[in-house]
Amino acid sequence: WSSDSEPSARVTMIGLDGNLRLGRTQLKLGLSRMSVGLLDQTSFNRNGDYFEISQKFGPKDEWTVFGRGGLIDSDDRITDSNDLMTFGGGIKWRPSVVQFSLEHYQDVKKVNGKLGYTFTFFRTVIQL
């Protein structure tokens, strides 16, 4: 990404995202890595990973209960308030093209100065 007049530096990114369905159960996994070369010949890494397990239920499989976890480290040289390690889950109801969900997540990565370790929300989605 460097200009011709500067020493070369490199950004290398790789990611994987997949899921496995076993009947009414679904497993999801995502991994990403990014190595960033700097002009002073040092480098740093960015990482982000997640997993999810979900189970459909109800007479028409219109309900889903799920658990998720994930982490983000935007610069492995430092630990700061942008670093996250969250766990949580929720429940979804999809009676038609409209889906409703109630979810809660907890950030377990404790860092001085970080605010807001919990997040709870209700969401409505139209899936066409």
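Keep in mind it's a predicted model, so treat the numbers as computed, not measured.

Under the defined criterion, the tally for this structure stands at 7 aromatic pairs. Ring centres 6.4 Å apart and planes at 50° place the aromatic pair Phe51 and Phe87 in the tilted group. Note that Phe51 is positioned in strand β3 (residues 43-57) and Phe87 in strand β5 (residues 84-93), a separation of 36 residues in sequence. Measuring from centroid to centroid gives 5.6 Å for Trp63 and Trp93, while their planes differ by 20°, and the two rings are stacked. Residue Trp63 is located in strand β4 (residues 63-73), and its partner Trp93 is located in strand β5; the two are separated by 30 residues in the primary sequence. Classification of Trp93 as partly exposed rests on a relative accessible area of 33%. Ring-pair connections join several aromatic residues into one group, and the members of that group are Phe57, Trp63, Trp93, Phe100 and Phe122. Its end group placed over the ring of Tyr117, Lys110 keeps NZ or CZ at 4.0 Å from the ring centre.

So, on to the side chain of Ser54. Within the secondary structure, Ser54 is located in strand β3. Once you skip the residues sitting within four places of it in the chain, Ser54 turns out to touch Arg24, Thr25, Gln26, Thr64, Val65 and Phe66.

Moving on, we get to the side chain of Asp49. Positionally, Asp49 belongs in strand β3. A polar contact is formed between the side chain of Asp49 and the side chain of Arg33, at a distance of 2.7 Å. Beyond its immediate chain neighbours, meaning those up to four positions away, Asp49 contacts Gly30, Leu31, Ser32, Arg33, Gly69, Gly70 and Leu71.

The 7 strands lie next to each other as β1-β2-β3-β4-β5-β6-β7, forming an open sheet whose pairing is antiparallel. For this open sheet the edge positions go to β1 (11-22) and β7 (118-126), each flanked by a neighbour on one side alone. Each strand of the sheet is rotated relative to its neighbour by a mean of 15°, with strand direction disregarded. Pairing analysis gives 13 bridges linking strand β2 (residues 25-37) to β3, with the strands arranged antiparallel. For Leu27, the partnering residue across the bridge sits in β3 and is Ile53.

Procedures and definitions
Residues numbered from 1 in each chain as written. Predicted model: local features only at pLDDT ≥ 70, side-chain atom pairs only at ≥ 80, totals over all residues. Heavy atoms only, no water. Phe/Tyr/Trp six-rings, centres within 6.5 Å; stacked < 30°, edge-to-face > 60°. Helix = DSSP H or I, 4+ residues; strand = E, 2+ residues; numbered from the N terminus. Buried < 20%, exposed > 50% of the residue type's maximum accessible area, 1.4 Å probe, protein only. Lys NZ or Arg CZ within 6 Å of the ring centre and 35° of its normal. Contact = heavy atoms within 4.5 Å. Polar contact = N/O pair within 3.5 Å; in protein donor to acceptor, adjacent residues only side chain to side chain. Pairing = 2+ DSSP bridges. Axes fitted to C-alpha atoms, helices over the stretch in contact; angles between N-to-C directions.

None of the figures reported here should be taken as evidence of function without further support.
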